[in-house]
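In case you want the letters, here they are:
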Amino acid sequence: MADVAHVLERTDTVFARWVWEEKPHKRGKVQARQWHIENEYHFQSLLFTIVKPWLPELEEEQYLESTGVLQPRADLCLMSLALLIEVKFWYRGKSVGNLIEEIAADVTLYLKSKAPYTSLIVAIWDDGVRTEEHESLKRGLLELTGIRGVVVVNRPSWMP
């Protein structure tokens, strides 16, 4: 589990080669590419691309046992470790409190007493680059039962 968290913590290193062009790299009918991360699904796809070759058993978008009328769906799942990776996109207008509350609700659905998963790592894309708030966010989330790690990845400063 610590190794999974470590790989997720190193996600920001991929941006050294993340395609970001002002002008096309080649001549002809080639367009400039700028790989935006604009929502949770973009970030989840990036994490899946990074982790899947390392852990082939990684599954995504797995429906879990329903809770009443709610049908929870986990983002990234590693059954062999009984581990879920909850992926969140921290939008610029959302507070630390709102984000903790949202994740706490997910934890109660994902880690129920009869659930096959017992642990969760939270991976958060910080679109507002609020590094001064990361420590209180991590501290708050790690107080929740079952959360074994919190990784916050900042939007690179050159990515609008």
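Just so you know, these numbers come straight off a predicted model, no measurement behind them.

Caption draft 1: Spotlight on the sheet that holds strand β2 (residues 73-78). Taken in spatial order, the five strands line up as β1-β2-β3-β4-β5 in an open sheet, and their pairing is mixed. Every interior strand has two partners, whereas the edge strands, β1 (59-63) and β5 (147-154), have only one. Neighbour-to-neighbour, the strand axes of the sheet open up by a mean angle of 30°, direction not taken into account. One ladder, built from four bridges, connects β1 with β2; its direction is antiparallel. The partner of Tyr 63 across the bridge, within β2, is Arg 73. Each of β3 (83-90), β4 (119-126) and β5 is contacted by helix α4 (residues 131-142), which is oriented at about 165° to β5, the strand it contacts most.

Caption draft 2: Just α4, in detail. Its twelve residues give α4 an end-to-end C-alpha distance of 17 Å, which sits within 8% of 16 Å, the value for a rise of 1.5 Å per residue. Three or more residues of α4 are buried, namely His 134, Leu 137, Gly 140 and Leu 141. All buried residues of α4 project into a common sector of 140° when viewed along the axis, lining one side. Exposed side of α4, more than 90 degrees from the buried face: Glu 132 and Glu 135 are the residues found there. Tucked into the core, α4 has its buried residues touching β3, α3 (96-110), β4 and β5.

Caption draft 3: Expanded view of the packing of α3 against α4. Packing of α3 against α4 brings their axes to within 10 Å, and their N-to-C directions diverge by 25°. Classified by the angle their axes make, α3 and α4 are roughly parallel. In this structure, α3 meets α4 at a crossing whose hand is right-handed. Here α3 contributes Val 96, Leu 99, Ile 100 and Ile 103 to the contact with α4, which in turn contributes Glu 133, Ser 136, Leu 137, Gly 140 and Leu 141. Class assignment of the residues belonging to the contact of α3 with α4 gives a composition of six nonpolar, two polar and one charged.

Quick notes on the rules
Residues numbered from 1 in each chain as written. Predicted model: local features only at pLDDT ≥ 70, side-chain atom pairs only at ≥ 80, totals over all residues. Heavy atoms only, no water. Pairing = 2+ DSSP bridges. Helix = DSSP H or I, 4+ residues; strand = E, 2+ residues; numbered from the N terminus. Axes fitted to C-alpha atoms, helices over the stretch in contact; angles between N-to-C directions. Contact = heavy atoms within 4.5 Å. Expected span 1.5 Å × (residues − 1). Buried < 20%, exposed > 50% of the residue type's maximum accessible area, 1.4 Å probe, protein only. Arc of directions from axis to C-beta. Parallel < 35°, antiparallel > 145°, perpendicular 65-115°, else oblique. Left-handed = near helix turned anticlockwise from the far one by under 90°. Nonpolar A, V, L, I, M, F, W, Y, C, P; charged D, E, K, R; others polar.

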